[in-house]
Amino acid sequence: MTEAAFTLLVQGVLDYGIFMLDPQGHIISWNAGAERIKGYRAEDIVGQHFSVFYPPEDQASGKPQWELETAVADGRLEDEGWRVRKDGSRFWANVVITALWDEKGVLRGFGKVTRDMSERRAAQHALSERRRLFDHLVQAQETERRRIAWDVHDDSIQAMVAVAMRLELLADRVPDSFAAELQRLDTSVREAIGRLRSLTFRLHPPGIDRHGLVDGLSSHLADVVGSSWGMPYSFEHQLDHEPSPETAITIFRIVQEALLNVHKHARGSKVDVHVASADGGIVTRVVDDGTGAPVARDGARDHFGIIEMRERAETAGGWWSIHSRPGTGTTVEFWLPNHLPTPPPPAPSPDDAP
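How each quantity is defined
Once a new chain begins, its residue numbering starts again from 1 and follows that chain's sequence as written. Only residues with pLDDT of at least 70 get local features here, since the model is predicted, and only at 80 or more are side-chain atom pairs given and counted; chain-wide, interface and lining totals rely on the full set of residues. Heavy atoms throughout the structure, all of them, feed into the side-chain values; hydrogens and water do not. Residue exposure (1.4 Å probe, protein chains only): buried if accessible area is under 20% of the type maximum, exposed if over 50%, otherwise partly exposed. The way it works is that DSSP assigns letters per residue, a run of H or I at least four long becomes a helix, a run of E at least two long becomes a strand, and they are numbered from the N terminus. DSSP bridges decide pairing: two strands pair if at least two such bridges lie between them. The convention used is that axes are lines fitted to C-alpha atoms, helices contributing only their stretch in contact, and that angles between N-to-C directions extend from 0 to 180 degrees. By definition in these notes, contact holds between two residues if any of their heavy atoms fall within 4.5 Å.

A few words now on the pairing of strand E9 (residues 329-337). When you tally the buried positions in E9, you get nine out of nine residues, the bulk of the element. Alternating positions in E9 separate into two faces, Gly329, Thr331, Glu333, Trp335 and Pro337 on one and Thr330, Val332, Phe334 and Leu336 on the other, with burial throughout. Sheet topology note: the strand E7 (residues 281-288)/E9 ladder contains eight bridges and is antiparallel. What sits directly across from Gly281, in E9, is Pro337. The pairing of strand E8 (residues 319-325) with E9 spans seven bridges and is classified as antiparallel. Bridge assignment links Ile322 to a residue of E9, and that residue is Val332. The hairpin turn running from E8 into E9, its antiparallel successor, is three residues long, and Gly327 in that turn takes a positive phi close to 85°.

See the structure below:
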């Protein structure tokens, strides 16, 4: 490529501001992208010091000069931060400054490339806000589930236990002709107590929000699928790191619902659960070897549970699917983003452009 063609290419780029500085930081060239991003025409800005693009607080702290010195020492500097347009509005920019040397090792100036990252930053803020709202929703749901579980345990179950004890005492005091009926009532009450205890466990399994995803799923599979249902199962997990409590709870709840569907509808002999890191998140599969009956579209087959699983995954920013064929079993598969703790974003500037 000839020098003229290269110059034409640089001058015509619109998505990046590309310009040169002399060794002291004065602007000596200006392209169309720089004009679009910063608002200055070449005749208005060439010859001025590049510090004009920095907010007053950065100018006062000497940041422009420090960036040039760093570029000289390290060869280049990359930075993200607030910059100022001609009209005084601020935008979030990615900036690369490269020191330019001639064949004799003499500093000839700097190449500066600026990209307006305002839209990306706004999208990141929107994603962070959605994540914050999702976390708050999960926490609120779990708090409500915990409250209901405690209320059922401390009130309804205790009252029914008292009724069962009274029925047992009465059975010893009434004629034999009534004792059998009282015994049937006592059995019905105790079965109801068992169902309520199972309900409280499903509402808030012990340790779900304290011991992590793998331990929570392991305990649930052992206590419910293995012990209570008597169903063989396998559990495989390959996680790069433990997800946040909110993500772990969401995965747990979806798996819990999927396993309940297996127990109620699949008529299978085993179930396999697999959890693994994938694509910046966690993919989970619940696979049974049951009848593989197709999911009814009229809501007849536990439609509420299907909707709940899908909505939980999609609310968390992920996806959910179900694959089912007669005679081959059913696979529930979903993916959730696995967010690592991140520092809060820079505080918005009072002069930030709308």
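One open sheet holds the four strands; their spatial order is E1-E4-E3-E2, and the pairing between them is antiparallel. For this open sheet the edge positions go to strand E1 (17-21) and strand E2 (76-84), each flanked by a neighbour on one side alone. Each neighbouring strand pair of the sheet contributes to a mean axis angle of 25°, computed without reference to strand direction. Relative to strand E4 (residues 107-116), strand E3 (residues 90-101) is paired through nine bridges, and the arrangement is antiparallel. Residue Val96 lies in a different strand from E4, and its bridge partner there is Val113. Across the sheet, helix H5 (residues 63-74) lies against E1, E2, E3 and E4, angled at about 165° from E2, the strand it touches most.

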